[in-house]
Amino acid sequence: MKKYIITISFLLLLIFTLTCCTASTAGELKHRFEGFTSDSNLIAVLDDFIFYFADHKISLNDIDTRGEPNNGYLFVDGALYFSTAKENGFFDYSLYVYSCDLYGNHQCLVFEKHGFRTHPWVTGSGESLYIEHYSTNTFDASARVIDSYNVVTGVYQTEATGKTTRLSDYRADSNGAYSSTYENGTLFIEDQQSNVTHRVDPTALVYEAFNDALAGFDCNFYDFYATTDDRMFFLYSIKVSGTTYPYLICEYIPTNREIVFRSLIFADDVTYFRIVYL
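Worth saying up front: this structure is predicted, and the values here are computed from it rather than measured.

How each quantity is defined
Along each chain, residues carry numbers from 1 onward, in the same order as the chain's sequence is written. The predicted origin of the model limits local features to residues at a pLDDT of at least 70 and limits the giving and counting of side-chain atom pairs to 80 or more, whereas totals for whole chains, interfaces and linings rest on all residues. Where side-chain values are given, they derive from all heavy atoms of the structure, hydrogens and water being excluded. We define a salt bridge as a contact between a side-chain nitrogen of Lys or Arg and a carboxyl oxygen of Asp or Glu at a distance within 4 Å. The helix count covers DSSP runs of H or I at least four residues long, the strand count covers runs of E at least two residues long, and both are numbered beginning at the N terminus. The rule is simple: take the accessible area with a 1.4 Å probe, protein chains only, and divide by the maximum for that residue type; under 20% is buried, over 50% is exposed, in between is partly exposed. Any two strands are treated as partners once DSSP identifies two or more bridges connecting them. Axis angles are defined between N-to-C directions and span 0 to 180 degrees, where every axis is a line fitted to C-alpha atoms and, for a helix, only to the segment in contact. It only takes one pair of heavy atoms within 4.5 Å for two residues to be counted as in contact. We define a nonpolar core as any set of buried Ala, Val, Leu, Ile, Met, Phe, Trp, Tyr and Cys residues linked to one another through side-chain atoms lying within 4.5 Å.

Peer 1: Can you explain the pattern of salt bridges? Please cite residues and give values.
Peer 2: The tally for this structure, following the rule as stated, stands at 6 salt bridges. Its salt-bridge partner being Glu28, residue Arg32 comes within 2.9 Å of it at the nearest N-O pair. Highlighted residues: Arg32 and Glu28, both in helix H1 (residues 2-32), separated by 4 residues, approximately one helical turn. For Arg32, a relative accessible area of 27% translates into the label partly exposed. Note that Arg171 is salt-bridged to Asp48, the shortest N-O span being 3.1 Å. Residue Arg171 is found in the loop between strand E11 (156-161) and strand E12 (178-183), and its partner Asp48 is found in the loop between strand E1 (42-46) and strand E2 (50-52); the two are separated by 123 residues along the sequence. Given a relative accessible area of 7%, Asp48 falls into the buried group. Among the charged side chains, a network of salt bridges with common partners joins Arg231, Glu251 and Arg262.

Peer 1: Quick rundown of the sheet that holds strand E18 (residues 258-267)? Include the residues and the values.
Peer 2: Spatially, 4 strands are ordered E15-E16-E17-E18 in an open sheet, and the strand pairing comes out antiparallel. Two strands close off the open sheet at either side, each with one partner strand: strand E15 (218-226) and E18. Within this sheet the neighbouring strands show an average axis-to-axis angle of 25 degrees, counted without direction. Two strands pair when backbone bridges link them, and strand E16 (residues 232-239) and strand E17 (residues 245-253) are joined in this way by 6 bridges, in the antiparallel orientation. Of the residues in E17, the one forming a bridge with Phe234 is Cys250. Against the sheet, helix H2 (residues 202-209) contacts E15, E16, E17 and E18, and its axis sits at roughly 115 degrees relative to E15.

Peer 1: Lay out the side chain of Thr84 in plain terms, naming residues and giving numbers.
Peer 2: Looking at where Thr84 falls in the secondary structure, it is placed in strand E5 (residues 79-89). According to the relative accessible area criterion, Thr84 is buried, its value standing at 0%.

Peer 1: Lay out the nonpolar core with the relevant residues and their values.
Peer 2: With 27 residues, the main nonpolar core has Phe33, Phe210, Phe224, Phe234, Tyr236, Leu248 and Ile259 as its most contacted residues. The set of elements that each furnish at least two residues to this core consists of strand E13 (186-191), H2, helix H3 (211-214), E15, E16, E17 and E18. Apart from the residues lying within four places of it in its own chain, the contact partners of Ile259 are Leu205, Val206, Ala209, Phe210, Phe234, Tyr236, Cys250, Glu251 and Tyr252.

So yeah, pure geometry; function would need other evidence.
Shown next, in the form of C-alpha cells:
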C-alpha cells in the first residue's frame, strides 16, 4: 500500500512539473514575441475545424449545431460559414450550413438539406461549399455526385456526377501558382506561371530575423503555404516540453529575401494545417 501511494505521488508530481514547465516555457515564448505585431487577417486552420487567429481561436466543436463538422468552411464578407452532417438513420443523412462572426458568436443556420443516402463531405472554395455524396452507395463510383451551395446567393445546384469527378477537384489550391520541395535544409519554391524558382534556407532566415526571441528554443521549419493571391508563408514549429504546440507563422517577401512576423499560435495538436489570409 505504501509503495502504491509513493508511486501515485511521484506520478502526480511529474504531471505537475511538466504542466508548470510547459506553461513557463510557452509563457516565456509568448512574452518574447510581444514586441511583434500580429496580423489579424491571418488564420491557421487545423484539421478543417479549428481556426487560430492572432488573438483567439474558434473550434467548431464548441459551437452548438446539429450534426458534426464535415470539413466545409469559408470566410466571406467578414463571416465564417461552415457545414455539418447528421446521420438520421440507415441511408439517411442531413446537411446543415451555419454562419457566425470571426469570434464564433452570432451563430445562424442559413441552409439545410435532407435525404442524402450517404454521408455528405464538403470543401469550400470562393463563395461556394461543394458537397460530395452518392445517389446509391459509396461502393458505386458512378453514383458519385458533386453539388454546390453558394453562401451569398443561396443557390444549391448539381455540379457534376460520375466516377471521374472528385471533391478534391473543387478545393481551393492553398499554394496557388506555387509548388515546393524541401531538401537538405533548402526550400525550393517554383512559380509555375513565371517558371522562376526561389531557393531559400528557411531555418537561417528565421534565426536571422528573430535571433533574440528564439534564443534557447529549437525552431524547425514545418511547411510552406501560399494563398490564392500569391502571398507566401512559412510555418515553423517551436519545441517546448509538454503538450503545447507553438507555431511561428511568417510571410516570405521574395523581393528582398526576408521573412516578416505574422502570428504566433499555440495549437492543441499537431496534424494538418492550412493558412488562410482574409
